[in-house]
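Inside the fold
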Amino acid sequence: MKKLLLGLKEPVKSLLILLLLCSALFLAWQTGLFSGLLPQSEAEGDGSTGSGEGTLSYTRAAWPCAAAITWDNGLRYGVKYDDAAMEQIYSQLSVPLGETLGSSEAPVRISEKSWTGALSRGSVFLDYESAQSLPVLALWLGTEAEALAGSNARRLLLAPGEAELTQLLFQDAAGRFFRCATMATWSSVQTAVSSFLPNGASFARELEGLEACEPYSLILEQLPALTLLQSYPGALDSCANRAAQVFSVPMNSGSSYPEPDGTQVYLGEYGSLRRSPEGLLSYRYEEGAPVCKTEALQIEQSRQLLEQLHEAFRREEQLFYVGSWEQGDMTTVYFDYRAGSLPVHLESGHAAWCQFREGVLQEVGIYPRSYGRSAENTDLLPEMQAAAAAGSIRAGSEARLVYPDLGGESLNPVWSVRG
Amino acid sequence: MDTGRLKTIAILILLLVNAALGGILLWDRLSQADAQAKSRQELILVLERLGISLEEGVLPSDEPLYRCSVSRDLGSDSALTLALLGEAEMQDQGGNIHYYENKNGWARYRSSGSFEITLLSAAGSLEERMTDGGLGFRREGSEYVCDFEGMPVFNCRFSLSPVQGGGVLISGRRLPGTPQAGAAGETLNAETVLLRFVDQISASGAVFRSIQQIRQGYVLSSSVSGGELQPVWQISTDGGVWYMDAEKGSLVSVVGAS
């Protein structure tokens, strides 16, 4: 027995050492001695707007310039010239809007009277400033809208329909009005906008003295505070360096030559990069160009490519999609800058574009610009007066605030007449 | 020195180390409990000076909660349908709205988690079948509140209502998928949240005299890119129910919660 006990002594000691070691490690962990040494788990997810796992991801490239929520009693909340407020309302609406577009039946033509009737009662109104393809809007919202193929809309209206479902109404680029039945519930739309309160916004058609204006232009009681915009130098050089990387173009003098108009051309393996004296940077594909057969793919490809270039010189401005223009077998996708909650108008035209021939990308062009808000506020003519003036200049037009970039360092917001 | 003696010395050293670490841990825990008790006492006094009553037992102990992403899980839709209606084929109605129908009824599910299920006959234990279908919930009055890891998701709630013909309609909102916890964030404790709550509420002009219940939980927010469970504190007073972001300590507007 004694021999047995003596024989067990060492193994028991070893076991005790092991147990005490484990206990010490556990106690050390509990006291936090090991915190910071162990890796933390990270959340996964890229935050992009996707239409499903394994499918192509589309990111929103345009957003409304005005939005309004109308209650049954006629009171209204409107937002305009305020990107933060617009983002808040749009993010609340994104799920019910996606359901509405995705479950829409084929559009049916309606009268303007039906449209204005729905606009005046409980409804949610979105104005995109330029006509957007409804199937593309649906893709940006993570769904597909086959029944809306070929339809475009400048203005959308969500309103209660039959059986407590939402009906979608829209005004297309040609000014015609349509209605679609959907499977989205009206309660989901009401829930999405329930946190907003009326702020006295009206449509021009409801206001005395604005009979000559665009009737569905949203007029706010009070404009949000707007500042001057500052233009920063150096965007062209930064963009050119980035373009050289993106398109694999060497920027040394051995592979470049000047054109008669002063444009410097840099030759790359798959195309040529051009830098004009007017500040335009463009790349022409000779081979290896992306192929995008659908409008949605062309917009997404353009957005991604321009985003890569824009990253090099971005300050507070954004590039947003304004429209696609087709001529023959050519499609040009246009983008403009937006800063300080207003669009920026360049003297040279649109800020950026991508040109496709039969779906094959031919050319990318951009006027690199960097903008930031200055601390200086600006006084503006009240919107009612600006709208009345626009109507007197041209019947059916509307007044819009923009920042015109005339080449100076400072940009003032001005009222421009549109339509 | 022989191995036996070395082992004895090692055991003695480890015993000392364990005793020291155990002592540190015990001191740490006692200090924390003491600090928490003091902080709660001070909180009660501060609230009393503001004319707000708070029973000490109302303050819960803090549980770690994490912000979670929630992706749509079509399997959970079909599992719930199978448990309540039986086999049924899914029809895509567009806009990420999915519909099931068979002789026992119909069901419709949306990407936000909203759903409606109509059973033509209410035979059998619905609560048991809902649990079998993967629905985690707790009963609160006449409603059912979904939960995640034992914590309520305040704006995911559904109710049962009778339909003509002896059937039942189950409608409301549920988690559209299984939440995936993100990186551990720092959530504020109950005392800090309450003080910030009182500060922010008084600025809004709302009036109340007693805090009746404080609970941790989540709210679900949906967006096109997916949903997110946000840790919150629910504070029930005699003047209403409010929600505080557990990470930022700010009031949050929660639609669809009680």
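In short, a report on the structure. (Residues numbered from 1 in each chain as written. Chains lettered and ligands numbered in written order. Predicted model: local features only at pLDDT ≥ 70, side-chain atom pairs only at ≥ 80, totals over all residues. Heavy atoms only, no water.)

1. Focus: the overall build of chain A
Along chain A, the regular secondary structure elements total eight helices and 23 strands. For chain A, whose C-alpha radius of gyration is 29 Å, the value lies well above the compact-globule estimate of 22 Å for 419 residues. When the backbone C-alpha atoms are referred to their principal axes, chain A occupies close to 115 × 70 × 45 Å. Scored against the burial criterion, the 419 residues of chain A give a buried share of 49%. Taking contacts inside chain A between residues at least 6 apart in sequence as the whole, the part at least 24 apart equals 61%. With an accessible surface of roughly 20100 Å², chain A has 52% of that area assigned to carbon and sulfur atoms. (Helix = DSSP H or I, 4+ residues; strand = E, 2+ residues; numbered from the N terminus. Rg over C-alpha atoms; globule rule 2.2 N^0.38 Å. Buried < 20%, exposed > 50% of the residue type's maximum accessible area, 1.4 Å probe, protein only. Contact = heavy atoms within 4.5 Å. Areas by Shrake-Rupley, 256 points an atom, 1.4 Å probe, with all protein chains shown as cover.)

2. Quick word on the packing of helix 6 (residues 235–246) of chain A against helix 7 (residues 295–310) of chain A
Each packed pair of helices is defined by two parameters, the angle between the axes and the distance between the axes. All names here are of chain A. Running from N to C, helix 6 and helix 7 point in directions that differ by 130 degrees, and their axes come no closer than 8 Å. Taken as axis vectors, helix 6 and helix 7 run oblique relative to one another. Residues C239, R242, A243 and V246 of helix 6 touch helix 7, and the partners they reach there are L305, Q308 and L309. (Axes fitted to C-alpha atoms, helices over the stretch in contact; angles between N-to-C directions. Parallel < 35°, antiparallel > 145°, perpendicular 65-115°, else oblique.)

3. Brief notes about unusual backbone geometry
All names here are of chain A. The residue E129 is not glycine, and still its phi comes out positive at about 70 degrees. Within the secondary structure layout, E129 lies in strand 4 (residues 123–133). Non-glycine residue S341 carries a positive phi angle of around 70 degrees. S341 gets classed as buried once you look at its relative accessible area, which sits at 8%.

4. Focus: the interface of chain B and chain A
Listed by partner, the interface residues are 32 residues for chain B and 38 residues for chain A. Between the two partners, chain B and chain A, sit two salt bridges. Residue E99(A) pairs with R110(B) through a salt bridge whose shortest N-O separation is 3.5 Å. For the pair chain B and chain A, the interface holds 12 residue pairs in polar contact (both at pLDDT 80 or more). Breaking the side of chain B that touches chain A down by element, the ones donating at least two residues are helix 1 (3–49) and strand 12 (210–223) of chain B. Per-element tally for the side of chain B that touches chain A: the top contributor is helix 1 of chain B, with 14 residues. Of the residues contributing to the side of chain B that touches chain A, the split by class is 13 nonpolar, 15 polar and four charged. (Salt bridge = Lys/Arg side-chain N within 4 Å of Asp/Glu carboxyl O. Polar contact = N/O pair within 3.5 Å; in protein donor to acceptor, adjacent residues only side chain to side chain. Nonpolar A, V, L, I, M, F, W, Y, C, P; charged D, E, K, R; others polar.)

5. Side note on the sheet that holds strand 5 (residues 152–160) of chain A
Where strands meet in a sheet, backbone hydrogen bonds hold them as pairs that are either parallel or antiparallel. All names here are of chain A. Sheet architecture is open: seven strands sit in the order 2-1-4-5-6-7-3, paired in antiparallel fashion. One side of each edge strand has no neighbouring strand; the edge strands of this open sheet are strand 2 (76–80) and strand 3 (108–110). In this sheet, adjacent strand axes meet at a mean angle of 25 degrees when their direction is disregarded. Where strand 3 lies against strand 7 (residues 177–185), three bridges are found, and the strand directions are antiparallel. Its bridge partner lying in strand 7, V108 is registered against R179. The strands touched by helix 3 (residues 112–120) are strand 1 (66–70), strand 2, strand 3, strand 4, strand 5, strand 6 (165–171) and strand 7; relative to strand 5, the strand with the most contacts, the crossing angle is about 55 degrees. (Pairing = 2+ DSSP bridges.)

6. Some details on the side chain of S130(A)
All names here are of chain A. Turning to its location among the elements, S130 is positioned in strand 4. Engagement of the side chain of S130 in a polar contact is seen with the backbone oxygen of V322, the distance being 2.7 Å. Excluding anything up to four places from it in sequence, S130 contacts A153, R154, V322 and R418.

7. Here we look at the nonpolar core
Formed by 86 residues in total, the largest nonpolar core has its most connected members in L156(A) and I366(A). Considering every element that reaches this core, the biggest residue donor is helix 2 (residues 83–102) of chain A, with seven residues. Apart from residues no more than four positions distant in its own chain, L156(A) is found in contact with L97(A), W115(A), V124(A), F125(A), L126(A), Y128(A), L134(A), L137(A), L168(A), L169(A) and F170(A). The next biggest cluster of nonpolar side chains, apart from the first, holds 29 residues, and it includes L135(B), C146(B), F148(B) and L220(B). (Core = buried A, V, L, I, M, F, W, Y, C linked by side-chain atoms within 4.5 Å.)

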